[in-house]
Amino acid sequence: MGDLDFIKVKHLHIDYDILDLDLLNKVLQEETSFQWCISCGCCTASCSAGNHTTFNVRRISLLLRRGEIESLEKELEKCMLCGKCTLVCPRDIQLRNVVMSIKKNILKYKMSSL
Amino acid sequence: MKTYFQYPFLIGMIFLFAFLIYLYVRWYTKLSKYDKVRFRKFWGTKKVWKAIYDSINDGLLHASIFKKNPVLGYMHMSLAFGWFLLIVIGHLEVVVATGGLNFPFYYAIFFRYFEPVHATTIAKIFAAVMDFLLLFILVGVALAITKRFYKKIFGMKHTTKLKPLDKVALYSLWAIFPLRLFAESCSAAVYQNGSFLTNTTGAWLGNIANSPVIYQGSWWLYSFALCFFFIALPFSRYMHIPTEIYYIFLRNAGIKTKKTWESYAQIQLYSCSRCGVCLDACQLYDAGISDVQSVYFLQFIRNKEDAEKPLFGCLICGRCQVECPVHLNLNDLRTALRIKASKPLTFSYSYTQKPEQQSADTIYFAGCMTHLTPGTKKSMAKIFDYVGEKVWFMDEDKSICCGRPLMLAGQYDSAAQLIEKNTELIKESGAKNLILSCPYCYKVFKEDYILPDINIKFHANYIKELIDQKKLPDSKLNITAIYHDPCELGRGMNIYQEPRDVIEHYSHRIPLQKSKDKDQALCCGAGLGGINLTGDAKNAMTHNAMTYFDKFNPDVLVTACPLCKKTFVSDRRIEVLDIAELVVKAIEQPNELKALPHREKSYAIS
Ligand code: SF4
Ligand code: SF4
Ligand code: SF4
Ligand code: SF4
Ligand code: SF4
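Treat the numbers as computed from the prediction; the structure is a model and nothing was measured.

A.B. asks: Just give me the short version of the overall build of chain A, but keep the residues and values in it.
C.D. replies: Along its length, chain A carries six helices and zero strands. Along its sequence from the N terminus, chain A presents helices and strands in the succession α-α-α-α-α-α. Dimensions of chain A, computed from the C-alpha atoms along their principal axes, are close to 50 × 35 × 25 Å. In chain A, which comprises 114 residues, the share counted as buried stands at 46%. Residue pairs in contact within chain A that sit at least 24 positions apart in sequence constitute 66% of those at least 6 positions apart. A total of about 6,400 Å² of accessible surface is found on chain A, and carbon and sulfur atoms cover 56% of it. Seen as two clouds, the 16 positive and the 14 negative side-chain charges of chain A have centres 7 Å apart.

So, in structure tokens, the structure goes:
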């Protein structure tokens, strides 16, 4: 496969051997509804923060699954907790609580790894 | 003869008083500087009378519980007021009998022991009154015991759970009065010094009471019951008895619950009588949730248990607060704790863009939620058009949230960033009026924004003004409507009448039952306070509320909150309109008899 090495763009590469899924599992445990996401994008389309910037609720999910905690933390600072996403979600996912839960658990994670 | 049985009572009493004085002083010293001044100044004012009145009314007579539930009210009143009278009249009796104030402190408590014979008619009258009071209390105790086992009699669905020290206090309280009856009956059996009650029971006891073991023992037991109760009291729910009085005085002094958990909050925490009235008010039971309700929640905090989940699981709908007979600021207490719990989480909104500025006298701020109910904003636009109001629709694009949802999650500092941004926009526009169509926005703009030169109006009130000024036509629709009071507007901002006036102007309003109307209105279930509720839990509450409305068979359900509307719409049984939409329908279709097709019952979800 040496010929195709150029495809493996470094920053998009997830090394599953070192991927820490703790945060994801904690969040899914606290807000189980998050696992039902079908990535339909309704949340992103309605998002108040997304109206001003590139903030994207679905990308939050992606970052969480990829364990990119730093980017996740930065992105989540932008949410206004307005609750529009929660109200429009066709899968009844409690996104406000997802946001709160991720933020809380990142904090715990950072505390424990100090 | 020297007696010793009074010592358990005295020990309990001294412990209790010492403990209470310590706590009272500690709480006082921990009040803020300004609250201390408020409390000191309060003593010279007329408000003291109000506080005394409230103490008697709520602390002794339990009038608020009485109004809600007479049997429960009697129970609380007989114990509090009955006991109070027993102590006061008991002391009077001793004063009259001994002809002075020169008697030991415990004398009145055990008077039948020390005064074996009645000499005078007055003494007989006193004995009869004391017997009557004892009976009055015993009935209350009997009710209390029954309540533990058959709560249905009290019309309550739920009673509170107990911890060990509560049990000690509870059982000793239950024991005090039957034991007093027993001891006094023994005395009556020996000396005939009782009255209608104790003489009768004494006669039943007959010779048994002559045994010194039983006779002395009965007084020892009574004294021990008092001792146990007094010692367990500060660590049990009964701590509310002394604390409530303290709270009533502080409240009347004008002290308010703060955003931080401090002394006044702590006093409220201990003032909760665990009467359980808040339980029946809470709709979370519809969703099978039974650890969030105020009484349990306060108990968790008192016991220093982990209460994070219940803390963020309450809708902050305020139904329980309205019902609470102790008048605790339950919403504020939760908010203070949410602020504390979510302090380490931060948000930053440096990214927001400014919307295009327009100069106009009037600003319309729809708010995030209204953007999800486009019918409301379109209707507002039509109303503005109709009356020729030149309006800048401030958050049409690039909307910035009002901040209230963040506050409900405890994020006051983050909300302040949004408040600052919106304030700047409004000030720069030079507008004089600000019209809002969401109760959440209205509350935060009214209470937390500093906009002294702006007239902030809720859309229902604005429409009511337009009607009064004859700027909107009188074109009543021939439909029946139910009005749903949004929590943040009714309980939150005390606006009840204007929306009703508007609805009655344009349709035929069907009034709801008092127990589900105005400040007791149901919550739709989606309140933004409910951070960690599941979708199913919210839907269960929505469903039950709709089932209630459906009984009235209205053509439309009118509300004044975009969140209520969006939530209720999902149930599909009744057509739901925002008040602005109703107005527009009426203006646009004045001649139509049935403006809305009568709904079909067949798709009702069972
Ligand atoms: S709206 Fe709900 S289901 Fe759709 S992407 Fe967002 S979270 Fe997922
Ligand atoms: S709560 Fe946050 S993520 Fe959801 S719509 Fe509002 S700003 Fe966007
Ligand atoms: S919070 Fe109020 S209503 Fe609820 S148990 Fe306590 S005193 Fe009673
Ligand atoms: S505020 Fe509402 S949801 Fe919360 S405990 Fe009280 S009644 Fe229940
Ligand atoms: S949406 Fe309406 S009923 Fe529901 S919580 Fe809000 S104000 Fe209350």
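A.B. asks: Describe the overall build of chain B, with residues and values.
C.D. replies: Secondary structure assignment for chain B yields 28 helices and eight strands. Across its three principal directions, the C-alpha atoms of chain B cover 95 × 55 × 40 Å. Across the 606 residues in chain B, those meeting the buried criterion constitute 58%. Contacts spanning at least 24 positions in sequence make up 74% of the contacts within chain B whose residues lie at least 6 apart. Total accessible area on chain B stands at roughly 25,800 Å², and carbon and sulfur atoms take up 60% of it.

A.B. asks: Residues and numbers for a nonpolar patch on the surface, please.
C.D. replies: All names here are of chain B. A contiguous nonpolar surface patch, about 890 Å² in accessible area, is contributed by Tyr4, Tyr7, Ile11, Leu165, Val168, Trp220, Phe224, Phe228, Ile231 and Phe235. Those elements that place two or more of their residues in the nonpolar patch are helix 1 (6–29), helix 8 (164–191) and helix 10 (212–232). At four residues, helix 10 tops the list of elements feeding residues into the nonpolar patch. Its place among the elements puts Ile231 in helix 10.

A.B. asks: Let's hear about the interface of chain A and chain B: which residues, and what values?
C.D. replies: Opposite the 27 residues of chain A that make contact, chain B presents 35 residues. Between chain A and chain B, roughly 2,700 Å² of surface is buried when both sides are summed, and carbon and sulfur atoms account for 61% of that area. At the boundary of chain A with chain B, the tally comes to one salt bridge. Where chain A meets chain B, there are 15 residue pairs in polar contact (both at pLDDT 80 or more). For the side of chain A that touches chain B, the elements supplying multiple residues, two or more each, are helix 5 (84–88) and helix 6 (95–112) of chain A. Here the side of chain A that touches chain B gets seven residues from one element, more than from any other, and that element is helix 6 of chain A. Looking at the side of chain A that touches chain B, its residues break down into eleven nonpolar, nine polar and seven charged.

A.B. asks: Lay out the site of ligand 4 in plain terms, naming residues and giving numbers.
C.D. replies: Within the structure, ligand 4 sits among B:Cys282, B:Leu284, B:Gln293, B:Ser294, B:Cys314, B:Leu315, B:Ile316, B:Cys317, B:Gly318, B:Arg319, B:Cys320 and B:Arg334. For the shell around ligand 4, the class distribution of residues is seven nonpolar, three polar and two charged.

A.B. asks: Just give me the short version of the sheet that holds strand 5 (residues 480–484) of chain B, but keep the residues and values in it.
C.D. replies: Residue and element names in this part refer to chain B. Reading across from one edge, 6-5-7-8 is the order of the four strands in this open sheet, with parallel pairing throughout. What marks the edges here is a single partner per strand, and that holds for strand 6 (508–509) and strand 8 (575–578). Contacting strand 7 (556–559) and strand 8, helix 28 (residues 579–588) runs over the sheet at an angle of about 95 degrees to strand 8.

A.B. asks: Go over the nonpolar core, please, and point to the residues and values.
C.D. replies: Residues and elements named next belong to chain B. Membership of the largest hydrophobic core comes to 228 residues, with the highest contact counts inside it found for Trp83, Phe177, Leu434, Phe445 and Phe549. Considering every element that reaches this core, the biggest residue donor is helix 8, with eleven residues. Not counting residues up to four positions away in its chain, the partners in contact with Phe177 are Leu79, Trp83, Leu86, Leu134, Ile137, Leu138 and Val141.

A.B. asks: Report on the packing of aromatic side chains, specifying residues and quantitative values.
C.D. replies: Residue and element names in this part refer to chain B. Across all of its chains, the model carries 54 aromatic pairs over all chains by this definition. Measuring from ring centre to ring centre gives 6.1 Å for Phe110 and Trp219, while their planes differ by 70 degrees; the resulting arrangement is edge-to-face. With Phe110 in the loop between helix 5 (70–98) and helix 6 (111–114) and Trp219 in helix 10, this residue pair connects regions lying 109 residues apart in the sequence. Here Phe110 matches Trp219 in class, with each residue buried. If you follow Arg237 out to its NZ or CZ, it ends over the ring of Tyr238, 5.4 Å from the centre.

A.B. asks: Give a description of the domain arrangement of chain B that names residues and reports values.
C.D. replies: The domain boundaries assigned to chain B delineate domain 1 (69–239), domain 2 (362–465) and domain 3 (476–594). Computed over C-alpha atoms only, the centres of domain 1 of chain B and domain 3 of chain B are separated by 52 Å.

A.B. asks: Describe the packing of helix 7 (residues 121–149) of chain B against helix 9 (residues 196–205) of chain B, with residues and values.
C.D. replies: Residue and element names in this part refer to chain B. Look at helix 7 against helix 9: their axes get within 7 Å of each other, and the N-to-C directions meet at 80 degrees. Classified by the angle between their axes, helix 7 and helix 9 sit roughly perpendicular to one another. Contact residues: helix 7 offers Ala128, Asp131, Phe132, Leu134, Leu135 and Leu138, while helix 9 offers Phe196, Leu197 and Thr198. For the contact of helix 7 with helix 9, the residue count by class is seven nonpolar, one polar and one charged.

A.B. asks: I'd love a proper account of helix 28 of chain B, names of residues and values included.
C.D. replies: Residues and elements named next belong to chain B. Burial within helix 28 is extensive, with eight of its ten residues counted as buried. Those residues of helix 28 that fall on the buried side of the exposure criterion are Ile579, Ala580, Glu581, Leu582, Val583, Val584, Ala586 and Ile587. Turning to helix 28, the residues buried within the fold contact helix 19 (374–387), helix 23 (459–468), helix 25 (497–506), strand 7, helix 27 (562–569) and strand 8. Between the side-chain oxygen at the start of helix 28 and the backbone nitrogen of Ala580 there is a gap of 3.0 Å, and the oxygen is on Asp578.

A.B. asks: How would you explain unusual backbone geometry if you had to name every residue and give the values?
C.D. replies: Positive phi values are uncommon outside glycine, yet B:Ile316 reaches one of about 50 degrees. The residue B:Ile316 is located in the loop between helix 15 (308–311) and helix 16 (319–323) in this model.

A.B. asks: Pulling in residues and values, what's your account of the pattern of salt bridges?
C.D. replies: Residue and element names in this part refer to chain B. Taken as a whole and assessed by the stated rule, the structure comprises 27 salt bridges over all chains. Note that Asp54 is salt-bridged to Lys50, the shortest N-O span being 2.8 Å. Residue Asp54 and its partner Lys50 are located together in helix 3 (residues 47–60), separated by four residues, close to a single helical turn.

A.B. asks: With reference to specific residues and values, describe helix 17 (residues 330–341) of chain B.
C.D. replies: Each α-helix turn comprises 3.6 residues. Residues three or four places apart therefore point the same way. Residues and elements named next belong to chain B. Across its twelve residues, helix 17 extends 17 Å between first and last C-alpha, which sits within 8% of the 16 Å expected from 1.5 Å per residue. Burial analysis of helix 17 places nine of its twelve residues in the buried class, the great majority of the element. All of the buried residues in helix 17 are Leu330, Asn331, Leu333, Arg334, Thr335, Ala336, Leu337, Arg338 and Ile339. On its buried face, helix 17 is in contact with helix 12 (263–271), helix 14 (294–302), helix 15, helix 16, helix 20 (404–408) and helix 21 (412–429).

A.B. asks: Talk me through the environment of B:Leu60; I want residue IDs and the actual numbers.
C.D. replies: Residues and elements named next belong to chain B. As for its placement among the helices and strands, Leu60 is situated in helix 3. Classification of Leu60 by relative accessible area gives buried; the value is 17%. Residues Leu60 and Leu79, 19 residues apart in the sequence, show an inter-C-alpha distance of 8.6 Å.

A.B. asks: So, the pairing of strand 3 (residues 433–436) of chain B: which residues are in play, and what are the values?
C.D. replies: Residue and element names in this part refer to chain B. The alternating pattern of strand 3 places Asn433 and Ile435 on one face and Leu434 and Leu436 on the opposite face, and all of these are buried. Where strand 1 (residues 362–365) lies against strand 3, four bridges are found, and the strand directions are parallel. Bridging across to strand 3, Ile363 finds its partner in Leu434. Once the chain exits strand 3 it traverses helix 22 (residues 439–447) before rejoining the sheet at strand 4 (residues 455–458), and the crossover so formed is right-handed.

How each quantity is defined
- Residues numbered from 1 in each chain as written.
- Chains lettered and ligands numbered in written order.
- Predicted model: local features only at pLDDT ≥ 70, side-chain atom pairs only at ≥ 80, totals over all residues.
- Heavy atoms only, no water.
- Helix = DSSP H or I, 4+ residues; strand = E, 2+ residues; numbered from the N terminus.
- Buried < 20%, exposed > 50% of the residue type's maximum accessible area, 1.4 Å probe, protein only.
- Contact = heavy atoms within 4.5 Å.
- Areas by Shrake-Rupley, 256 points an atom, 1.4 Å probe, with all protein chains shown as cover.
- Lys, Arg positive; Asp, Glu negative; His and termini not counted.
- Charge placed at Lys NZ, Arg CZ, Asp CG, Glu CD.
- Patch = residues over 30% accessible without salt bridge, like charges linked within 9 Å, V, L, I, M, F, W, Y side chains within 5 Å.
- Salt bridge = Lys/Arg side-chain N within 4 Å of Asp/Glu carboxyl O.
- Buried area = accessible area lost by both parts, 1.4 Å probe.
- Polar contact = N/O pair within 3.5 Å; in protein donor to acceptor, adjacent residues only side chain to side chain.
- Nonpolar A, V, L, I, M, F, W, Y, C, P; charged D, E, K, R; others polar.
- Near = heavy atom within 4 Å.
- Pairing = 2+ DSSP bridges.
- Axes fitted to C-alpha atoms, helices over the stretch in contact; angles between N-to-C directions.
- Core = buried A, V, L, I, M, F, W, Y, C linked by side-chain atoms within 4.5 Å.
- Phe/Tyr/Trp six-rings, centres within 6.5 Å; stacked < 30°, edge-to-face > 60°.
- Lys NZ or Arg CZ within 6 Å of the ring centre and 35° of its normal.
- Domains from an automatic or database assignment.
- Parallel < 35°, antiparallel > 145°, perpendicular 65-115°, else oblique.
- Expected span 1.5 Å × (residues − 1).
- Right-handed = clockwise from strand over helix to strand, strands pointing away.

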